[in-house]
Amino acid sequence: MGSSDIVLVVGATGGVGRRVVDVLLKKGLPVRVLARNEEKARKMLGPDIDLIIGDITKESTLLPEYFKGVRKVINAASVIVGPKEGDTPERAKYSQGIKFFEPEIKGDSPEMVEFVGMRNLINAVKGSVGLRNGKLIFGCEDNGFRDLAWGALDDVVMGGVSESTFLIDTTGGEKGEPTGLFKGTVSTTNNGGFTSIRTRNFSVPEDLSAYDGLELHLKGDGRRYKLIVRTSRDWDTVGYTASFDTTEGQWQSICLPFSSFIPVFRARTISDAPPFDPSSIISLQLMFSKFEYDGKLNPTFVEGPFQLPVSSIRTFIKDPVTPRFVHVSSAGVTRPDRPGLDLSKQPPAVRLNKELDFILTFKLKGEDLIRESGIPYAIVRPCALTEEPAGADLIFDQGDNITGKISREEVARICVAALESPYACDKTFEVKSVIPFSEPFTVDLENPPQEKDYEMYFKDLKDGITGKELLEQSPVPV
Ligand SMILES: NC(=O)c1ccc[n+]([C@@H]2O[C@H](COP(=O)([O-])OP(=O)(O)OC[C@H]3O[C@@H](n4cnc5c(N)ncnc54)[C@H](OP(=O)(O)O)[C@@H]3O)[C@@H](O)[C@H]2O)c1
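Within every chain, residues take consecutive numbers counted from 1 along the sequence as written. Confidence filtering applies because this is a predicted model: local features only for residues at pLDDT of at least 70, side-chain atom pairs given and counted only at 80 or more, and all residues used for totals across whole chains, interfaces and linings.

Trainee: Can you walk me through the site of the ligand in this structure?
Mentor: Close to the ligand lie 27 residues; Gly 11, Thr 13, Gly 14, Ser 78 and Ser 330 are nearest. Elements represented by at least two residues in the shell around the ligand include exactly α1 (15-26), α4 (110-129) and β23 (384-386). Here a helix means four or more residues in a row that DSSP labels H or I, a strand means two or more in a row labelled E, and each is numbered from the N terminus. Here the shell around the ligand takes 3 residues from α1, the largest share from any one element. Any residue whose C-beta atom, as placed from the backbone, lies within 6 Å of a molecule or strand is termed near it.

Encoded structure:
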């Protein structure tokens, strides 16, 4: 993670959330917090905390500017459960664990917080955290076509006679889908020697800072082209430029990392230009030219006709991909409807799912939203949460079968570790400690246990296991 990449913590005034903030700050990572109540958040997290005030159930409170610079999210927000007879201001009964009181939902319903809230949150952050398969800038996706307003820009502006055009060939793509086609004739007559197509300035700048570069899918012709990206609305301005070679007759994907774009002005490199800023892209240009930069020649240049089918331009995230959205859910979310389950052996939330307005059902629906969102994620499902310290040995599992307890502090550390782990990416898993519910867990404060290497747990996680498989094998009527 880059040093300026902000981690947003949602639910930061909760038991897990405030510990997540603490772990992140101790690691020196930039943290922003989304909370409903400013006074409570500042009191709990300190007056200087980078704070945005919002309620995930109210889409209008999640303003786009709040999420600028946010690259990762840890979501520990949840519907509030409390004792029917009330609690102390510090929620002492709640901290003891659900089994000690008769619970009820306080405030917004599980549907609003766990499902609608999750949907609102995903929509609010997905532009800034990015999608695993990138964002389409130009080309075909899901049977739709995103076009750009391209126009020719050839050496005729300098007296040359080269000419080019950009058109959509409706069946010319690799699989017969529509593709863009950059074609023309290039000539060195009258000291010319370049041809290009440039988009009109985007009315809204593209913020691509969640990504690592641009990927072009095209059918090569063995020549070297340039992609030029501008971050200014001025016409005659620095263009951040990357050259790329193509292979004749082959459909290929060419990845151009943002770090490889160099500032160029009228074919001269500019040493004191500001660094390339992918957060504000204004236009794109594709060029075939006799020249490289600073008077050097393009070794693949030939005069005459050329054509370059370009079926898509999209952003990419470089490997290894790590989770961009870590979500704290709950063990048991797939169990209320699971056939053949002995409910008497299940935790209260599973037994009382209906009485608690289908809390686990909506937590599962919220999980599904993140799994389907396209954002690289990790879903952490703790068993019963305790106020005990971190440090006990752990059990990670998948398939939603385990019961037990785990410290909120430990869950917070797992969430932060998951942000950095490719093994945790796109995984759903349960966590508990090895300590039985009936046994308290304490640590020697003088000699606390070493922080765990969570990577050894993440390494064994498998794709595609959620516990829903059991529901799908024997569906229960709704
Ligand atoms: N308790 C257990 O034994 C247990 C077991 C397994 C899993 N879990 C799950 O683990 C997660 C973390 O638990 P926890 O004990 O840390 O929860 P918690 O202490 O109840 O914290 C919930 C947080 O969510 C925030 N929140 C609620 N509604 C919100 C909204 N509409 N918009 C923004 N923020 C909102 C709350 O903010 P306010 O401060 O403004 O209320 C609070 O910060 C939860 O998903 C919980 O269901 C709990």
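What follows picks up the thread again.
Trainee: Honestly, the nonpolar core in this entry has me stumped. Any pointers?
Mentor: Buried together is how nonpolar side chains tend to be arranged in soluble globular proteins. In terms of nonpolar packing, the biggest core is built from 103 residues, with Val 9, Val 10, Val 20, Val 380, Val 411, Cys 415 and Ala 418 touching the most fellow members. What fixes the domain bounds is an automatic or database domain assignment. Of the domains in this structure, domain 1 (6-132 + 320-473) and domain 2 (136-316) are the two that each give at least three residues to this core. A residue pair is marked as a contact if its C-beta atoms, positioned from the backbone, fall within 7 Å. The contact partners of Val 9, leaving out residues within four places of it in the chain, are Gly 17, Val 20, Val 21, Val 31, Val 33 and Ile 74. Each nonpolar core comprises buried Ala, Val, Leu, Ile, Met, Phe, Trp, Tyr and Cys residues, the members being joined through C-beta atoms within 7 Å. Put simply, a residue is buried when 20 or more other C-beta atoms lie within 10 Å of its own C-beta and exposed when 12 or fewer do; between those, it is partly exposed, and each C-beta is set from the backbone.

Trainee: Would you mind showing me how to read the domain arrangement of the chain here?
Mentor: Where the parts come together, the accessible area they lose is often given as the size of the interface. For the chain, the domain assignment lists domain 1 (6-132 + 320-473) and domain 2 (136-316). Computed from C-alpha atoms alone, the centre-to-centre distance between domain 1 and domain 2 is 44 Å.

Trainee: What exactly am I supposed to notice about unusual backbone geometry here?
Mentor: In this structure, Pro 320 follows Asp 319 across a cis peptide bond, with omega equal to -5°. For Arg 266, which is not glycine, the phi torsion reads 50° and is therefore positive. If you trace the backbone, Arg 266 turns up in the loop between β17 (262-265) and β18 (268-269).

Trainee: How do you make sense of the UniProt feature "domain: NAD(P)-binding" (unreviewed entry) in the chain when you look at a structure like this?
Mentor: UniProt positions are given in the numbering used here, feature names are shortened, and annotations may be inferred rather than shown by experiment. Here, the residues flagged by UniProt with the feature "domain: NAD(P)-binding" (unreviewed entry) are residues 11-84 and 323-422. Structurally, residues 11-84 comprises 27% helix and 24% strand, and the distance from its first C-alpha atom to its last is 22 Å. In the segment residues 323-422, helix accounts for 29% and strand for 20%; the C-alpha atoms at its two ends are 7 Å apart.

Trainee: Explanation requested: the sheet that holds strand β14 (residues 224-230) in the structure shown.
Mentor: Two modes of strand pairing occur in sheets, parallel and antiparallel, and in both the strands are linked by backbone hydrogen bonds. When DSSP finds two or more bridges between two strands, those strands count as paired. Reading across the sheet, the 7 strands line up as β9-β12-β19-β14-β15-β17-β18 and stay open at both edges, with antiparallel pairing between neighbours. In this open sheet, the two strands that pair with only one neighbour each are β9 (150-152) and β18. Pairing of β9 with strand β12 (residues 194-199) involves 3 bridges; the strand directions are antiparallel. What sits directly across from Trp 150, in β12, is Thr 199.

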